[in-house]
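Coordinate inspection notes
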Amino acid sequence: MPSLNVPFTEEELEGVRAAAAAEGKSLKQYLHDLGVREMQRKQFITGASAWAERLRDEFDAAFPDEVPPAERPSGTAAA
């Protein structure tokens, strides 16, 4: 299995060790989980953004007062 050597300053390493201990994990497991969580977070944001974009027109039609002024059709004002 591939692995990494990651350099930390003493202060950084102390903080990371404290964070790992607070979660009841080894330093190795904590750093692994941190990387995996970040990857999953990015995937979630990408999916949520795509979902919101697909529903934008429907939302704008249902809630015209919520459409930013710059994006409203010409001559349309908020109620």
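Residues numbered from 1 in each chain as written. Predicted model: local features only at pLDDT ≥ 70, side-chain atom pairs only at ≥ 80, totals over all residues. Heavy atoms only, no water.

1. Re a negative patch on the surface
Residues Glu10, Glu11, Glu12 and Glu14 make up a contiguous surface patch of negative charge. Within the secondary structure, Glu14 sits in helix H1 (residues 10-22). (Patch = residues over 30% accessible without salt bridge, like charges linked within 9 Å, V, L, I, M, F, W, Y side chains within 5 Å. Areas by Shrake-Rupley, 256 points an atom, 1.4 Å probe, with all protein chains shown as cover. Salt bridge = Lys/Arg side-chain N within 4 Å of Asp/Glu carboxyl O. Lys, Arg positive; Asp, Glu negative; His and termini not counted. Charge placed at Lys NZ, Arg CZ, Asp CG, Glu CD. Helix = DSSP H or I, 4+ residues; strand = E, 2+ residues; numbered from the N terminus.)

2. Some points on the pattern of salt bridges
Scanning the model with the defined rule gives five salt bridges in all. Across the salt bridge formed by Arg41 and Glu38, the nearest N and O atoms sit 2.8 Å from each other. One end of the pair is Arg41 and the other is Glu38, both in helix H2 (residues 27-62) and three residues apart, which spans about a single turn. Each of Glu23, Lys25, Asp33 and Arg37 takes part in one network of salt bridges that share partners.

3. Re the packing of H1 against H2
For the pair H1 and H2, interaxial distance at closest approach is 9 Å and the crossing angle is 90°. Of the possible angle classes, the one that applies to H1 and H2 is roughly perpendicular. Listed contacts from H2 to Leu13, Val16, Arg17, Ala19 and Ala20 of H1 are Leu27, Tyr30 and Leu31. Considering only residue class, the contact of H1 with H2 consists of seven nonpolar, no polar and one charged. (Axes fitted to C-alpha atoms, helices over the stretch in contact; angles between N-to-C directions. Parallel < 35°, antiparallel > 145°, perpendicular 65-115°, else oblique. Contact = heavy atoms within 4.5 Å. Nonpolar A, V, L, I, M, F, W, Y, C, P; charged D, E, K, R; others polar.)

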